Amino acid sequence: MESWPLGVFASVDAGLGVAWNVISELKVPTIQLHAPNPDKRNTASAQSLADQLADMGVRCTAVFGGFDGESYADIPTVVKTIGLVPESTRPARLQEMKDISDFTKALGCDAIALHLGFVPEGPSADGYDGIVAVTRDLCDHAAANDQFLHLETGQETADGLLEFIHHVDRANLKINFDPANMILYGTGEPIEALRKVAKHVRSIHCKDGTWSDQPGVTWGKEVPLGQGDVNMESYLRTLREIGYEGPLTIEREIPQDPARQKAEIGAAIELLTKLRQQTLA
């Protein structure tokens with residue numbers, strides 16, 4: 001497989017990614033898939049999707065979990081609602097991620113991924129041990145399916161994420177690095193963070209954003225690729241430095257405006273194609 005095949009974040013039904021019919025129009029060889037609704041998470045649906053992808057010449061590189069009740073309205077709401085961190089929803093969401101893992105195995109993909117949520121900084125923090133335990137449980141289920149679990153960056157600093165991975169202590173726990181999220185959440189300069197967590201990075205997003213005037217308190221702003229503060233040229237150079245060869249997966253979440261979403265992803269493909277050629281030359 002060639003280094004850095006392009007990809008997009010895609011959806012079968014109600015997820016945040018591009019609609020299924022757009023994948024072939026964009027002519028990308030890989031996708032990350034937002035996990036379909038529960039009624040489609042079965043072996044028959046997985047095999048049907050796998051057949052469609054094979055016909056399209058597209059490889060699914062990770063399946064992302066997401067949950068009812070999650071909201072990215074603002075940073076305090078993210079803390080309360082996202083991922084496996086909130087205790088009240090944790091058991092049901094853990095089971096849902098295990099179901100997604102089983103679906104992903106039937107699809108023939110070797111990675112599941114999610115936003116874990118806001119992990120408290122440091123093992124002495126209240127609730128930290130419980131988040132470590134649930135992550136170990138999910139890692140062990142994924143390992144039984146010959147899968148990796150990718151945690152998407154953003155809600156923790158690079159140092160906090162490294163410490164958490166150390167405490168979970170599972171060889172199949174990896175990182176899906178999203179540089180824009182570091183900016184949007186105000187958790188660190190993305191290129192520096194990428195270098196710190198490099199050995200754990202197994203997948204990435206190509207996304208851009210601008211800093212908030214109160215980083216970590218209010219949201220930054222997601223913008224089209226190349227128009228934000230990430231510096232995509234530096235990002236790709238750093239990916240090459242750390243030896244990353246996997247997909248460059250474009251994520252642009254504006255599901256309320258699919259025409260604009262498709263246009264901006266098309267522009268991102270053009271930009272990445274150019275930068276990819278320059279960087280790999």
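It should be emphasised that the depicted structure is a prediction, and the values quoted were computed from it without experimental measurement. (Residues numbered from 1 in each chain as written. Predicted model: local features only at pLDDT ≥ 70, side-chain atom pairs only at ≥ 80, totals over all residues. Heavy atoms only, no water.)

Quick look at the nonpolar core now. Formed by 73 residues in total, the largest nonpolar core has its most connected members in I31, F177 and Y235. Counting residues per element, this core draws most heavily on helix 5 (residues 128-144), at seven residues. Formed by five residues, the second largest nonpolar core is a distinct cluster that contains I75, V78, I82 and F118. (Core = buried A, V, L, I, M, F, W, Y, C linked by side-chain atoms within 4.5 Å. Buried < 20%, exposed > 50% of the residue type's maximum accessible area, 1.4 Å probe, protein only. Helix = DSSP H or I, 4+ residues; strand = E, 2+ residues; numbered from the N terminus.)

Here the focus is the packing of helix 6 (residues 158-168) against helix 8 (residues 190-197). Between helix 6 and helix 8, whose axes approach to 9 Å, the crossing angle comes to 20°. Between helix 6 and helix 8, the interaxial angle falls into the category roughly parallel. Note that helix 6 runs across helix 8; the crossing there is right-handed. Side by side, helix 6 and helix 8 meet where A158, D159 and L162 of the first sit next to A193, K196 and V197 of the second. Residue composition of the contact of helix 6 with helix 8, grouped by class: four nonpolar, no polar and two charged. (Axes fitted to C-alpha atoms, helices over the stretch in contact; angles between N-to-C directions. Parallel < 35°, antiparallel > 145°, perpendicular 65-115°, else oblique. Left-handed = near helix turned anticlockwise from the far one by under 90°. Contact = heavy atoms within 4.5 Å. Nonpolar A, V, L, I, M, F, W, Y, C, P; charged D, E, K, R; others polar.)

Moving on: the UniProt feature "domain: Xylose isomerase-like TIM barrel" (unreviewed entry) in the chain. What UniProt calls "domain: Xylose isomerase-like TIM barrel" (unreviewed entry) maps, in this numbering, to residues 25-272. Between the end C-alpha atoms of residues 25-272 the distance is 17 Å, and the span holds 44% helix and 16% strand. (UniProt positions renumbered as here; feature names shortened; annotations may be inferred.)

Glancing now at the packing of helix 5 against helix 6. Helix 6 packs onto helix 5 with a crossing angle of 65° between their chain directions and a minimal axis gap of 9 Å. Judged by the sense of rotation from one axis to the other, the crossing of helix 5 with helix 6 is right-handed. When helix 5 is examined against helix 6, the residues Y128, I131, V132, T135, R136 and C139 are found in contact with a partner set consisting of E163, F164, H167 and V168. Here the residues of the contact of helix 5 with helix 6 sort into six nonpolar, two polar and two charged.

Glancing now at the packing of aromatic side chains. One pass over the structure, following the stated rule, counts five aromatic pairs. An angle of 70° between the planes, with centres 5.8 Å apart, marks the rings of F118 and Y185 as edge-to-face. Of this pair, F118 sits in the loop between strand 5 (111-114) and helix 5 while Y185 sits in helix 7 (residues 179-185); the two residues are 67 residues apart in sequence, bridging distant segments of the chain. Side by side, F118 and Y185 carry an identical accessibility label, which is buried. Ring centres 5.9 Å apart and planes at 85° place the aromatic pair Y128 and F164 in the edge-to-face group. Of the two residues, Y128 sits in helix 5 while F164 sits in helix 6, which places them 36 residues apart along the sequence. For the pair Y128 and F164, a shared accessibility class is recorded, and that class is buried. Through pairs of rings, three or more aromatic residues link up here, namely F118, Y185 and W219. (Phe/Tyr/Trp six-rings, centres within 6.5 Å; stacked < 30°, edge-to-face > 60°.)

Another point: the pairing of strand 8 (residues 201-206). In terms of burial, strand 8 is a largely internal element, five of the six residues being buried. Pairing geometry for strand 7 (residues 173-177) and strand 8, over three bridges, is parallel. Residue pairing in the sheet places N176 in a bridge with S203 of strand 8. In terms of strand pairing, strand 8 meets strand 11 (residues 248-250) through two bridges, oriented parallel. Among the inter-strand pairings, H205 is bridged to a residue of strand 11, identified as T249. (Pairing = 2+ DSSP bridges.)

Let us now look at the pairing of strand 1 (residues 6-11). When you tally the buried positions in strand 1, you get six out of six residues, the bulk of the element. Residues L6, V8 and A10 point to one face of strand 1 and G7, F9 and S11 to the other, with burial holding for every one of them. The pairing of strand 1 with strand 11 spans three bridges and is classified as parallel. Across the sheet, G7 pairs through a bridge with T249, a residue of strand 11. As judged from the two bridges shared by strand 1 and strand 2 (residues 18-19), these two strands associate in the parallel manner. Of the residues in strand 2, the one forming a bridge with S11 is A19.

Next up on the list: the side chain of K207. The residue K207 is located in the loop between strand 8 and strand 9 (208-210) in this model. Side chain to side chain, K207 and D178 meet in a polar contact 3.1 Å long. Reaching out from K207, the side chain makes a polar contact with the side chain of N181 at a distance of 2.9 Å. The contact partners of K207, leaving out residues within four places of it in the chain, are D178, P179, A180, N181, L184, E222, L225, V230, M232 and E251. (Polar contact = N/O pair within 3.5 Å; in protein donor to acceptor, adjacent residues only side chain to side chain.)

Okay, the environment of P258 next. Here P258 lies in helix 10 (residues 258-280). Residues P258 and V22, 236 residues apart in the sequence, show an inter-C-alpha distance of 9.7 Å.

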